[in-house]
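# Structural characterization, general
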Amino acid sequence: LPPRHMDSVVQIVEALESTDHDFTGTVPELARALGGCSTPGCRAVLGEPPDVPPAPRTLSREQWLLFTQLLHQDATAPERGVVLAPDGSAIALGPLLAGIEVGLKRAAGWPFPTVEPPIDALYAVTITEVLGTSFLLARDGDGNRTTLGPDGCWDDVDDPQNYTLLGPPSPIPDAVANGAMDGVLLGAHLAQAPVPLADLLRGYYGTGNGTEKERPPSSYRRRDFGVLTGPGKLEEEVAAMLRVLRVLPPTQELLEDVGPEEVVAIARQAAQDFTEVYVECPAIVPRCMWGARPYRGTPKPLTLPLGSVYVHHTFIPSAPCRTFTACARDMRAMQRFHQDTRGWDDIGYSFVVGSDGYLYQGRGWHWVGAHTKGYNSKGYGVSYVGDFSATLPDPDAIALVRDRLLPCAVRTGRLHRNYTLRGHRQMGHTDCPGNSLFHEIETWHGFE
């Protein structure tokens, strides 16, 4: 089959949108026919799915098979409907295309069915039904049921075919959260200004447009979703969706013993947790995605929370990396240098900061690194890719650590509230993290 990559999806959409085809209707309606939005809430908003048409002649047999597989929803294996985007993130196609369908219908003035209480159709088909249901199912468990996440990894980023989750699945693995956020953003965009879907996807994900050079808009999804949605909107929509599910025959039983106050409490918790994990905290690319070699030996666990953060620059590579491909390549090069030349067990840093909008996991949250001699067990080592002796990282790469990683580490109990922040040069004989970056971090909270 074609790779499970957003490029393949764009090619399918382009073929379906071409003028000389036997396919009538829209691509999102076809996606719904194939099972892409088949939940009770989605049916209440968009109606019963159309019948599955014969395979369109404009698609090859392999393309049709791939599209069918990606949209066949399986609640026990939500990772099967996922594709890899050029920015390195995994996207569930179901919520993405459902949000797009709502946007197109709004632009065309389609009369959405009135449901009580009123709900925002765009959020209902992308995020609020699955989010509300996830927290509803967890409420009477033993507290161990996962409500959000996990992330996952592809077997091969050049030819992605199989996506495997990195832990026990919730109804909202990271790929579903990404697809839902993108569905909201692109649906809202289409409602204002309809454009051909292939053009929209190509522009947003940066497929086939030389993404070696610049960040695609998809890498800003967390920021943009947070701006569009606002703190109260998600909670309000989850609560409304739960009230709707209470009167839909397939989901009535789930809510029959849930009172109005509990609905509000579930919605508040769901919105708060989702916002913390997917809006306020930054996305971190796991080791298996950048192609890490195994750790040599046995890693030593850190005792959390830690009290310090040490800021570095890589110096070599000296240029910031601005795409997933370039950053992953730099991570592999640094790991080779640290293991083969320096003789360390692994890449030394806890986290590495790309200029592509993403953090990259080195040793991560839980294992002692090799970044600041004499202090490795006392703090996290966070390094910016590039030489920042004379220039600064991009403003949003600065904000990624200062405004998101550090507050997130405090909120999640990995870093003391009164942590200290220092440049590498304060702890040893080195110019690291470069004069420009050092003067920048002198203005950050916690600098000592």
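Looking at an unreviewed UniProt entry, the chain carries the name N-acetylmuramoyl-L-alanine amidase, with the source organism given as Aptenodytes patagonicus. As its UniProt record puts it under Sequence similarities (unreviewed entry), the chain is described as follows: "Belongs to the N-acetylmuramoyl-L-alanine amidase 2 family."

## Some details on the UniProt feature "domain: N-acetylmuramoyl-L-alanine amidase" (unreviewed entry) in the chain
Per the UniProt record, the feature "domain: N-acetylmuramoyl-L-alanine amidase" (unreviewed entry) sits at residues 294-434. With 25% helix and 21% strand, the stretch residues 294-434 has end C-alpha atoms that lie 30 Å from each other.

## Concerning the pattern of salt bridges
In this structure the tally under the stated criterion is 25 salt bridges. As a salt-bridge pair, Asp340 and Arg293 come within 2.9 Å of each other at their nearest N and O atoms. In this pair, Asp340 is assigned in helix H13 (residues 324-341) and Arg293 in the loop between helix H12 (287-290) and strand S6 (306-313), connecting sequence segments 47 residues apart. Salt bridges sharing common partners tie together Glu29, Arg32, Glu101 and Lys105.

## Considering the side chain of His424
Along the chain, His424 turns up in the loop between strand S10 (415-423) and helix H15 (435-441). For His424, a relative accessible area of 16% puts it in the buried group. Once residues within four sequence positions are removed from consideration, His424 is found in contact with Val311, His312, His371, Thr372, Thr430, Cys432 and Pro433.

## Quick look at the UniProt feature "domain: Peptidoglycan recognition protein family" (unreviewed entry) in the chain
Listed under "domain: Peptidoglycan recognition protein family" (unreviewed entry) in the UniProt record, and renumbered for this structure, are residues 282-428. Along residues 282-428 one finds 27% helix and 21% strand; the C-alpha atoms at either end are 29 Å apart.

## Remarks on unusual backbone geometry
For the bond from Glu116 to Pro117, the omega torsion is -10°, close enough to zero to count as cis. Secondary-structure assignment places Pro117 in the loop between helix H5 (93-107) and helix H6 (121-138). With an omega of 0°, the peptide bond running from Leu304 to Pro305 counts as cis. Within the secondary structure layout, Pro305 lies in the loop between H12 and S6. Phi at Phe315 is positive, roughly 65°, even though this residue is not glycine. Position of Phe315 among the secondary structure elements: in the loop between S6 and H13. Phe315 sits in the partly exposed class, given a relative accessible area of 46%.

## Quick look at the nonpolar core
Core analysis: the largest hydrophobic core is formed by 71 residues, its most contacted members being Leu131, Phe274 and Tyr360. Ignoring any residue separated from it by four or fewer positions in sequence, one finds Phe274 in contact with Ile127, Leu131, Leu148, Ala177, Met181, Phe225, Leu234 and Val279. With 33 residues, the next largest nonpolar core counts Leu34, Leu66, Leu70 and Ile91 among its residues.

## Description of the environment of Gly88
Looking at the secondary structure, you find Gly88 in the loop between strand S1 (82-84) and strand S2 (90-92). Since its relative accessible area comes to 14%, Gly88 is described here as buried. Distance from Gly88 to Phe324, taken between C-alpha atoms, is 5.6 Å for residues 236 residues apart in sequence. When near neighbours in sequence (up to four residues on either side) are disregarded, Gly88 contacts Met289 and Phe324.

Thresholds, definitions, all that
Along each chain, residues carry numbers from 1 onward, in the same order as the chain's sequence is written. Confidence filtering applies because this is a predicted model: local features only for residues at pLDDT of at least 70, side-chain atom pairs given and counted only at 80 or more, and all residues used for totals across whole chains, interfaces and linings. No hydrogens and no water enter the side-chain calculation; it runs on all heavy atoms of the structure. UniProt positions are given in the numbering used here, feature names are shortened, and annotations may be inferred rather than shown by experiment. Numbering of helices and strands runs from the N terminus; a helix is a DSSP stretch of H or I covering at least four residues, while a strand is a stretch of E covering at least two. For salt bridges, the criterion is a side-chain nitrogen of Lys or Arg within 4 Å of an Asp or Glu carboxyl oxygen. Buried, partly exposed and exposed residues are distinguished by accessible area as a fraction of the type maximum, computed with a 1.4 Å probe on protein chains only: under 20%, between the cut-offs, and over 50%, respectively. A contact between two residues is defined here by any heavy atoms of the two lying within 4.5 Å. Take the buried residues of types Ala, Val, Leu, Ile, Met, Phe, Trp, Tyr and Cys, join any two whose side-chain atoms come within 4.5 Å, and each joined set is a nonpolar core.

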